[in-house]
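Working through the structure, step by step
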Amino acid sequence: MTSRVPTTIFYQTILEKMSLGFQRTSPPQEKSHSVKTAQGVIEFCLVRSIRRRSIEIRVLDHQSIRVRAPRFSSESDIESFIREKAAWIQRKFVEAARRQAHLAKRKYAHDQDFLFLGAKYPLNVNPTQRRRVQIDFDGRQWKIHVPILESGEHQQEQLIRAQLVKWYRQQAGEIFGGRVFHYTRLMGLKPQKVVVKTQKRIWGSCDYRKQNIYLNWLLVLSPLDVIDYVIVHELCHLEVPNHSKRFWRKVAGVLPDYQIRQQWLKNNALDLLLP
Ligand SMILES: [Zn+2]
């Protein structure tokens, strides 16, 4: 249904063998466990649910995972499932650590580069006596006026971030609006609503029943080609609510080179995140 942020982690597999051990556990409680695997000890919190039919592993950060499991699956089944996926989990830990290090490096400060429509531009930060933050983009850089603050760097960074995010969201609204208009006409589709919003883990999504599409404003950091791909992807879901062959044929019908655009999104996902 969604084109997910490639760096986010979501894993779900049907557990073939379900144990019939009747353990009494209250469903919403999270419990801390650890399991020895070929890749070392993996700590996990476990959430059991009566409605679940499969075990799901979600990597939360560079060292922790959450496991959701059917209420009556045995601990040994859960542990062997984690052992089976240990190499995959370790890989995701490394990715998460890299992501965290990358984000920690980025500062909302003078001369730092940020993306807009796939190109990098620097922030030109000017402390002023004014009380409000002001941001202008002239096609070469963002000119930012920030009040001189006694409270220091961190607060100034937060002010710049807030202003930049506001600017990005505004641009996203305008740019996506125009592109959606173009493609809905081209494809003969009429979504009920197109919403630009903050989405933590995905670039876009589609509510097939309501015929709405949702776009992540962060996409405005990527090239127009890539924005178009996500828009076309979600628009195609208005007709085909899955990732079947028919769906991809439909996407390719509009954007024959969609795979290149998809790949860009995968390769550059890290740069599209703002700390
Ligand atoms: Zn999709």
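Predicted model, so just to flag it, every value in this text is computed and none were measured.

1. A look at the coordination of the zinc ion
Bound to the zinc ion on the protein side are H233 (NE2), H237 (NE2) and H243 (NE2), at distances that span 2.0 to 2.1 Å. When its relative accessible area of 36% is taken as the criterion, H243 is described as partly exposed.

2. Comments concerning the pattern of salt bridges
This model, assessed by the stated rule, comprises eight salt bridges. A salt bridge links E95 to K92; its shortest N-O distance comes to 3.4 Å. Taken as a pair, E95 and K92 lie in helix 2 (residues 86-105) at a separation of three residues, close to a single helical turn. Here E239 and K250 are joined by a salt bridge, their closest N and O atoms 2.6 Å apart.

3. Notes on the nonpolar core
By size, the foremost hydrophobic cluster in this structure holds 50 residues, and its most contacted members are W142, Y168 and L274. Looking at this core, the element that brings in the most residues is helix 3 (residues 153-187), giving 11 residues. Counting 17 residues, the second-largest nonpolar core is a separate cluster that includes I55, I57, I65 and I89.

4. Quick word on the environment of G139
Mapped onto the elements, G139 comes out in the loop between strand 9 (134-137) and strand 10 (142-147). As a C-alpha pair, G139 and Y121 span 18 residues in sequence and 8.3 Å in three-dimensional space.

5. A few points about helix 3
With 35 residues, helix 3 should cover 51 Å at 1.5 Å per step; its first-to-last C-alpha distance of 49 Å lies within 8% of that length. Phi turns positive one or two residues past the end of helix 3, at G188, with a value near 65 degrees.

6. A short note on the packing of aromatic side chains
Per the counting criterion, the structure on display carries 14 aromatic pairs. Ring geometry for F137 against W167: centres 5.2 Å apart, planes inclined by 55 degrees, an arrangement best described as tilted. Taken together, the positions of F137 in strand 9 and W167 in helix 3 put the pair 30 residues apart, joining distant regions of the chain. Classification of F137 as partly exposed rests on a relative accessible area of 24%. Overall, the relative accessible area of 9% leaves W167 in the buried class. With 5.8 Å between their ring centres and 65 degrees between their planes, W167 and Y168 make a pair best called edge-to-face. Taken as a pair, W167 and Y168 share a single burial class, namely buried. Here a set of aromatic residues connected by ring pairs shows up, and it is made of F116, Y121, F137, W142, W167, Y168 and W217. Positioned above the aromatic ring of Y214, the side-chain terminus of K197 is 4.8 Å from the ring centre.

7. Describing the sheet that holds strand 10
Pairing within the open sheet is mixed, and its four strands lie in the order 7-8-10-9. Among the strands making up the open sheet, the edge pair consists of strand 7 (113-116) and strand 9. Averaged over all pairs of adjacent strands, the angle between their axes in this sheet comes to 30 degrees, without regard to strand direction. For strand 9 and strand 10, the ladder comprises four bridges, and the chain directions are antiparallel. In the sheet register, D136 faces strand 10, and the bridge partner there is K143.

8. A look at helix 6 (residues 258-268)
If you check which residues of helix 6 are buried, you get Y258, R261, Q262, L265 and N268. Looking straight down helix 6, one finds its buried side chains confined to an arc of 150 degrees; they lie on one side. Of the exposed residues in helix 6, the ones pointing more than 90 degrees away from its buried face are Q259, I260 and N267. Turning to helix 6, the residues buried within the fold contact strand 12 (202-207), helix 4 (224-237) and helix 5 (245-254).

9. Regarding unusual backbone geometry
With a phi angle near 75 degrees, D111 is a residue other than glycine that sits in the positive phi range. On the secondary structure map, D111 appears in the loop between helix 2 and strand 7. For L117, which is not glycine, the phi torsion reads 50 degrees and is therefore positive. When you line up the elements, L117 lands in the loop between strand 7 and strand 8 (119-128).

Criteria and cut-off values
Residues numbered from 1 in each chain as written. Predicted model: local features only at pLDDT ≥ 70, side-chain atom pairs only at ≥ 80, totals over all residues. Heavy atoms only, no water. Donors = N, O, S within 2.8 Å, 3.2 Å for Na, K, Ca; no water. Buried < 20%, exposed > 50% of the residue type's maximum accessible area, 1.4 Å probe, protein only. Salt bridge = Lys/Arg side-chain N within 4 Å of Asp/Glu carboxyl O. Helix = DSSP H or I, 4+ residues; strand = E, 2+ residues; numbered from the N terminus. Core = buried A, V, L, I, M, F, W, Y, C linked by side-chain atoms within 4.5 Å. Expected span 1.5 Å × (residues − 1). Phe/Tyr/Trp six-rings, centres within 6.5 Å; stacked < 30°, edge-to-face > 60°. Lys NZ or Arg CZ within 6 Å of the ring centre and 35° of its normal. Pairing = 2+ DSSP bridges. Axes fitted to C-alpha atoms, helices over the stretch in contact; angles between N-to-C directions. Arc of directions from axis to C-beta. Contact = heavy atoms within 4.5 Å.

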